[in-house]
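Take a look at the letters that make up each chain.
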Amino acid sequence: MGLKLSRIFLWGFALFSQLSPPLACAETAPRPFVRHFIRPVEHLNPFTQTGYVGTSIGGLVFDTLLSQDSDTWKIGPSLAERWQISPDLKTYALFLRKDAVFSDGQPVTAEDIKFTFEAHRDARYKSIRMPDFLGQGATVSLKDAHTVLFTLEKPNHRFLDFLVSFWVLPRHFYGDTSREAEWPKKMIGSGPYEVKKFVTGSRTEFHKRPDWWGNKAGEFKGKHNFERITFRYVSDLSIANELLIAGEIDLVEIFDPQNYFDLLSRLKSGQKVLAVKADGVAMPGEVGLKLNFRNPLFQDQRVRKAMVQLFDREMVNEKLFRGIYRVKTGPWGQVGPNADASVKPLPFDPKGAQKLLWAAGWKDSNQDGLLEKIIEGKEVPLRFTLMIIHPSFQKLATLYKEAARAVGIEVMVKQVHPQESYRLLTENNFDTYLFDRAWSDLDPDLEKNYHSRFADDLRSLNSVGYKNPALDPLLEEHTKTKDYKKRQALARKIFRMLAEDLVEIPLFEERYALYGVSTRIKRPKDSLKFRIGFDSWADK
């Protein structure tokens, strides 16, 4: 789906405009590891950054309280060198390292953890992670300068997973509102790197911190090996591939299968670039349609089922994506212990879709090809807006629009900026949106994502307003069950119920991790089990 320029001279001009002087002089500084991103970040404020690139920047600059191994998924120490959990799973004590300092030299203390937790819950900071922090049902207190206590309202077996994603922010910088004007252009963290240069829309440059505590910690041996890292922002995927081949970029992470095949077609013998297709990723990326359940159009399960059956997913996967994906069956990846493998994809059946819509009361009464229905005394057309975030989704969205029109549904495709999409979602100002995501852990917090009691809170993880009272007791049982295998069995039941109720319109999930990489980069494996494992890469 990547942009293809039709004239050679236009392509050449575009490539020339993206090329830049050498990124570093080999005699004065180590060459940076240059990683490509499609969309730039517009600021460095950790409270309001959105998207994959924002997460990637934060992962270099900020430490988390706990860590998680990309190959085993085992939770380990990070800023907290050890922890204790009460038998009732309601009190978590974390003991902080005493040698950790922020990039400005200030020590990390328990006050910074308390500030971070409370700031994300404070509406004044406009944190996009507010739902996650509010949803923990926890309070934080300090035992001493290096001991933090989290007290939960009820047992939560997933609280350690939350601490793995808990970036610690310095209270003396982000807690000082007189310095708020600095936040978009400056980052201070305790992580392995610091931002040395930030050019909006172009690049972000990072330098390794010699005083990072992890340089001496055995559990981080072999991690964060590059002395310099640069994020380059190039929106045209075709140009990004050329920059990779030209040696200007070291990594192009590919989320659009067309870009992978474009790269393959350009590679020639002797070029120092690899196109990698890594199999067996345990937490695949997923593509589908999220629905606003507050909209009466989507409250009938027959309509949602018709929205699946009208679209030939197998054909689209083969024709558009060359079979790179697999057809999605439910609310998360079908490969793994939390999914019910017996759930099969709904078949392509446009005639069946029409019958479902007719049975749900939708008729083409004026013979204009668009279905209508009387809702609350008014004739309402079966018409909705499909929001997309990136141009690479345009072709897929257009194919869905055409298939929907064939059964009497009008879909209007609207592309918006990620920050704008977040605003629309939190204001309940949307119909549907085309998502791509990967679940961040193997043992997700299903209750916070799907329980009816969160459906009316636009700040919650159930921001689409999904309600299923028959499912709620099972979600609650999943949260309080301590035994991991028993939780997996419950998750499989939840998977089936959500799949049958069609909590979303499932389209595709990844079978592979795709990327292009320079041969000058040393990689232990093409991909670790749960993540690609960029933090273990190094120069050869």
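Residues numbered from 1 in each chain as written. Predicted model: local features only at pLDDT ≥ 70, side-chain atom pairs only at ≥ 80, totals over all residues. Heavy atoms only, no water.

Caption draft 1: Molecular detail of the packing of aromatic side chains. Taken as a whole, this structure holds 41 aromatic pairs when the rule is applied. When the centroid spacing of 6.4 Å and the interplanar angle of 85° are considered together, the rings of phenylalanine 117 and phenylalanine 162 count as edge-to-face. Of this pair, phenylalanine 117 sits in helix α3 (residues 110-120) while phenylalanine 162 sits in helix α5 (residues 159-164), placing them 45 residues apart in sequence. Between the aromatic rings of tyrosine 260 and phenylalanine 261, the centroid separation amounts to 5.3 Å while the plane-to-plane angle is 75°, which identifies the pairing as edge-to-face. (Phe/Tyr/Trp six-rings, centres within 6.5 Å; stacked < 30°, edge-to-face > 60°. Helix = DSSP H or I, 4+ residues; strand = E, 2+ residues; numbered from the N terminus.)

Caption draft 2: Inspection of the side chain of serine 452 at higher detail. Note that serine 452 resides in the loop between α14 (446-450) and α15 (472-480). At 3.1 Å, the side chain of serine 452 and the backbone nitrogen of asparagine 468 are in polar contact. Among all residues touching serine 452, those that are not within four sequence positions of it are Tyr466, Lys467, Asn468, Pro469 and Asp472. (Polar contact = N/O pair within 3.5 Å; in protein donor to acceptor, adjacent residues only side chain to side chain. Contact = heavy atoms within 4.5 Å.)

Caption draft 3: Quick look at the confidence of the model for the chain. The predicted model of the chain averages 90 in pLDDT, with 93% of residues at 70 or higher. pLDDT under 50 marks residues 1-26. Its contacts with residues more than four places away, or in other chains, come to 42 contacts. (pLDDT = per-residue confidence, 0-100.)

Caption draft 4: Expanded view of the pairing of strand β13 (residues 286-291). Of all six residues making up β13, six are buried, and the element is well covered by its neighbours. Every second residue of β13 is oriented toward a common face, with Glu286, Gly288 and Lys290 on one face and Val287, Leu289 and Leu291 on the other, all of them buried. Pairing between β13 and strand β19 (residues 432-437): six bridges, direction antiparallel. Bridging from a neighbouring strand, leucine 291 pairs with threonine 432 of β19. (Buried < 20%, exposed > 50% of the residue type's maximum accessible area, 1.4 Å probe, protein only. Pairing = 2+ DSSP bridges.)

Caption draft 5: Here's a closer look at the sheet that holds strand β14 (residues 325-327). Strand order in the open sheet formed by six strands is β14-β20-β13-β19-β17-β18, and the pairing between neighbours is mixed. Taken across any chain shown, the strands that pair with only one partner, and hence form the sheet edges, are β14 and β18 (410-415). Adjacent strand axes in the sheet meet at a mean angle of 25°, parallel and antiparallel pairs treated alike. Note that β13 and strand β20 (residues 505-510) share four bridges and pair antiparallel. Within β20, the residue paired with glycine 288 across the bridge is proline 506. The sheet contacts of helix α9 (residues 301-309) involve β13, β17 (383-388) and β20, and relative to β20 the element is tilted by about 40°. (Axes fitted to C-alpha atoms, helices over the stretch in contact; angles between N-to-C directions.)

Caption draft 6: Main features of unusual backbone geometry. With a phi close to 70°, tryptophan 73 is a non-glycine residue in the positive phi region. With respect to the helices, strands and loops of the structure, tryptophan 73 is situated in the loop between β2 (66-68) and β3 (75-77). A relative accessible area of 10% means that tryptophan 73 is categorised as buried. Phi is positive for leucine 502, which is not a glycine, with a value near 60°. Position of leucine 502 relative to the elements: it lies in the loop between α16 (484-501) and β20. A residue is classified by how much of its surface remains accessible, and leucine 502, at 4% relative accessible area, is buried.

Caption draft 7: Summary view of the pattern of salt bridges. All chains considered together, the criterion is met by 35 salt bridges. As a salt-bridge pair, lysine 114 and glutamate 118 come within 2.9 Å of each other at their nearest N and O atoms. Of the two residues, lysine 114 and glutamate 118 both sit in helix α3, four residues apart, roughly one turn of that helix. Given a relative accessible area of 37%, glutamate 118 falls into the partly exposed group. In this structure, arginine 326 engages glutamate 509 in a salt bridge whose closest nitrogen and oxygen atoms are separated by 3.0 Å. Taken together, the residues span a long stretch of sequence, with arginine 326 in strand β14 and glutamate 509 in strand β20 at a distance of 183 residues. Residue class for arginine 326 comes out partly exposed when judged on its relative accessible area of 26%. Overall, glutamate 509 belongs to the buried group, its relative accessible area being 0%. Three or more residues are tied together by salt bridges with common partners; here these are Arg31, Asp250, Arg520 and Asp539. (Salt bridge = Lys/Arg side-chain N within 4 Å of Asp/Glu carboxyl O.)

Caption draft 8: Spatial organisation of the sheet that holds strand β21 (residues 512-518). Sheet architecture is open: seven strands sit in the order β8-β9-β10-β1-β11-β21-β12, paired in mixed fashion. One side of each edge strand has no neighbouring strand; the edge strands of this open sheet are β8 (193-199) and β12 (273-279). Between one strand axis and the next, the sheet turns by 20° as a mean value, whatever way the strands run. Across seven bridges, the pairing between β12 and β21 is antiparallel. Within the sheet, the bridge partner assigned to leucine 274 lies in β21 and is valine 517. Strands in contact with helix α2 (residues 51-61) are β1 (33-37), β8, β9 (203-208), β10 (228-233) and β11 (251-254); relative to β10, the strand with the most contacts, it is inclined by about 170°.

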